[in-house]
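A structural walkthrough
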Protein chains: 2
Amino acid sequence: MKALEERILREGTVLPGGVLKVGSFLNQQVDADFMMEMGQEIHRLFASEPVTKILTVEASGIALAMAAAVAFHVPFVFAKKAVTSNLNGQVYSAPVHSFTHNTDCRIFISRAFLSSDDCVLIVDDFLANGEAIRGMTALVEQSGARLAGAAVAVEKGFQPGGDELRRKGVHLESLALVDSMSDTEITFRR
Amino acid sequence: MKALEERILREGTVLPGGVLKVGSFLNQQVDADFMMEMGQEIHRLFASEPVTKILTVEASGIALAMAAAVAFHVPFVFAKKAVTSNLNGQVYSAPVHSFTHNTDCRIFISRAFLSSDDCVLIVDDFLANGEAIRGMTALVEQSGARLAGAAVAVEKGFQPGGDELRRKGVHLESLALVDSMSDTEITFRR
């Protein structure tokens, strides 16, 4: 998505350790109108899928999930994070490791909100090592729902998550796919 | 907002301890189209204010903040929660006590995203004791921004937060104001 790439070039900053900061419009301050355009683009990319539900994980995925859900006119569900593994049987849950924070947690959603009748599109703001999306695909599998695919705003193409998901046959769409970045240059995959 | 009251009566469940569960459409599964209508209603209620920014706190306030931000065509910012008080000087921060979870945390936002040029509308899903909104008003004060007011989806009118804010002169609008609730009946304030 050209407008997103331009925005990243204009406002993104690269920090040591491969961190791309886009907090001015994507995930701390959110340009709501622009987010709605991204939701429309996700709808265009998955228009052929009979999506019944958008799935994301708290907190920074929620705005884009909301925008996509409006575009599809379906509800979205956000998985919550729990430090404990002591979750009762009324939930689907999966482990997620965060490389950024070097922490382990579990994500979970109530069983009431995902079933084998659903066709699910996973949405998130960032994809790097793919742990969050892998966790969400596990929730979808537990529910028996069909996975339409996954859409992310920004994929870090130099980290393995995206290509691993593609190899597994997941239909993955990244609105901006960063191939490499340094403090002087960000390049996108064509 | 009549449609919200009807939805609460239809789908809400009251649990022991004064907990109103509306996770089927408001804060775990989110009815995105309905949320957009609520955002439009918030815009109608604050249309006379020159709002430049919506402020909420992660995670369950984000969807309604997004909807309000789209209605106003302004960005929204979500405060993050940190267990530690060891935050650096680049942030505004305030303490928040959660009665629901009986925990203390701090909420914070980057100074880059709120300034004395802003006119801020605070948005959240629930208002009970008012701790989260009080914390957010502290962030607004620290930034020197003007507070337009606060809008919440559901106020528990039998808890003191809402009336305390009104006594302090905060322009508070609740789309549904629950006056009392039991496992058999939910009544709204007229």
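So, here is what we can say about the structure in this document. Numbering of residues begins from 1 in every chain and follows the order in which that chain's sequence is written. Each chain is given a letter, starting from A, and each ligand a number, starting from 1, according to the order in which they appear as written. Selection of residues for local features in this predicted model requires a pLDDT of at least 70, selection of side-chain atom pairs for listing and counting requires 80 or more, and totals for whole chains, interfaces and linings are taken over all residues. The side-chain values count all of the structure's non-hydrogen atoms but skip hydrogen atoms and water molecules.

**Some words on the nonpolar core**
Soluble globular proteins tend to pack their nonpolar side chains together in the buried interior. Spelled out, the test is: Side-chain atoms within 4.5 Å link the members of a nonpolar core, which is a set of buried Ala, Val, Leu, Ile, Met, Phe, Trp, Tyr and Cys residues. Note on classification: 1.4 Å probe, protein chains only; a residue is buried when its accessible area is under 20% of the maximum for its type, exposed when over 50%, partly exposed between these limits. Contacts were defined at the residue level, with two residues in contact if any of their heavy atoms lie within 4.5 Å.
Grouped together as the largest cluster of nonpolar side chains are 90 residues, with contacts concentrated most on I54 of chain A together with I54 of chain B. Contact partners of I54 of chain A, with chain neighbours within four places excluded, come to A65, A68, A69, F72, V74, P75, F76, V77, L121 and V123 of chain A.

**Describing the relation of the copies chain A and chain B**
We apply this condition: The atoms used to superpose the copies are C-alpha atoms, taken from residues with pLDDT of at least 70 in both, and the fit is least squares.
Overlay of chain A on chain B (RMSD 0.0 Å): rotation 180°, translation along the axis 0.0 Å. Such a combination of rotation and displacement between the chain copies is what one expects of a two-fold axis. For chain A, the minimum C-alpha distance to the rotation axis belongs to A59 of chain A and amounts to 2.6 Å. Counting the interface residues of chain A, we find that 100% of their copies in chain B are interface residues as well, pointing to one common contact surface.

**Examining helix α4 (residues 62–72) of chain A**
In an α-helix, one turn spans 3.6 residues, which is why side chains three or four residues apart end up on the same side. All names here are of chain A. We apply this condition: The numbering of helices and of strands both runs from the N terminus, where a helix is a DSSP run of H or I of at least 4 residues and a strand a run of E of at least 2.
Most of α4 sits out of view: 11 of its 11 residues are buried. Turning to α4, its buried residues are I62, A63, L64, A65, M66, A67, A68, A69, V70, A71 and F72. Directly after α4, the chain includes H73, whose backbone phi takes a positive value near 55°.

**Here's the deal with the interface of chain A and chain B**
Spelled out, the test is: Note on terms: buried area is the combined drop in 1.4 Å-probe accessible area of two parts once they are placed together, counting the loss on both. When a carboxyl oxygen of Asp or Glu lies within 4 Å of a side-chain nitrogen of Lys or Arg, that pair is called a salt bridge. In protein, a polar contact means a hydrogen-donor-capable atom and an acceptor-capable atom, both N or O and within 3.5 Å, with residues adjacent in sequence counting only if both atoms are side-chain atoms; elsewhere, any N or O pair within 3.5 Å suffices. When residues are grouped by polarity, Ala, Val, Leu, Ile, Met, Phe, Trp, Tyr, Cys and Pro land in nonpolar, Asp, Glu, Lys and Arg in charged, and all others, Gly among them, in polar. DSSP-based pairing: two strands are paired if at least 2 bridges between them are found.
Opposite the 31 residues of chain A that make contact, chain B presents 31 residues. Counting the surface lost from both chain A and chain B, the interface buries some 2400 Å², and carbon and sulfur atoms represent 65% of this. Here chain A and chain B share 0 salt bridges between them. The interface formed by chain A and chain B includes 8 residue pairs in polar contact (both at pLDDT 80 or more). Of all the secondary structure elements, the ones that give two or more residues to the side of chain A that touches chain B are α2 (23–27), β3 (29–30), α3 (32–45), α4, β5 (76–82) and β7 (103–110) of chain A. A per-element tally of the side of chain A that touches chain B places α4 of chain A first, with 6 residues. Taken together, the residues of the side of chain A that touches chain B break down into 19 nonpolar, 8 polar and 4 charged. Relative to strand β3 (residues 29–30) of chain B, β5 of chain A is paired through 2 bridges, and the arrangement is antiparallel. When the sheet's bridge partners are listed, F76 of chain A is paired in β3 of chain B with V30 of chain B.

**Considering unusual backbone geometry**
Residues and elements named next belong to chain A. Cis geometry marks the peptide bond from E58 to A59; its omega dihedral reads 0°. Here A59 lies in the loop between β4 (53–57) and α4. Non-glycine residue H73 carries a positive phi angle of around 55°. Within the secondary structure layout, H73 lies in the loop between α4 and β5.

**Describing the pattern of salt bridges**
All names here are of chain B. Summed over all chains, the structure comprises 24 salt bridges over all chains. Residue D163 is joined to R166 by a salt bridge in which the shortest nitrogen-to-oxygen separation is 3.2 Å. Separated by 3 residues within a single helix, D163 and R166 lie in helix α6 (residues 161–167), roughly one turn from each other. Since its relative accessible area comes to 31%, R166 is described here as partly exposed.

**So, the pairing of strand β5 (residues 76–82) of chain B**
All names here are of chain B. Where burial is concerned, most of β5 is hidden: 5 out of the 7 residues are buried. When strand β4 (residues 53–57) meets β5, the two strands line up parallel, connected through 4 bridges. Bridged to I54 within β5 is F76. Across 3 bridges, the pairing between β5 and strand β7 (residues 103–110) is antiparallel. Among the inter-strand pairings, A82 is bridged to a residue of β7, identified as R106.

**A word on the packing of aromatic side chains**
Residue and element names in this part refer to chain A. Rule in force here: Pairing of aromatic rings covers Phe, Tyr and Trp, the last through its six-membered ring, and needs centres within 6.5 Å; plane angles under 30 degrees mean stacked, over 60 mean edge-to-face, and all others mean tilted. Here, a charge over a ring means that NZ of Lys or CZ of Arg falls within 6 Å of the ring centre while also lying within 35 degrees of the ring normal.
This model, assessed by the stated rule, comprises 4 aromatic pairs over all chains. Each ring, one from F76 and one from F78, has its centre 6.5 Å from the other, and the planes form 35°; the classification is tilted. As far as burial versus exposure is concerned, F76 and F78 are alike and both buried. Against the face of F34 rests R7, its NZ or CZ located 5.3 Å from the ring centre.

**Some remarks on the side chain of Q29 of chain B**
Within the secondary structure layout, Q29 of chain B lies in strand β3. A polar side-chain atom of Q29 of chain B sits 3.0 Å from the main-chain carbonyl oxygen of S24 of chain B. Excluding its chain neighbours within four sequence positions, the residues that come into contact with Q29 of chain B are K53, P75, F76, V77 and F113 of chain A together with G23 and S24 of chain B.

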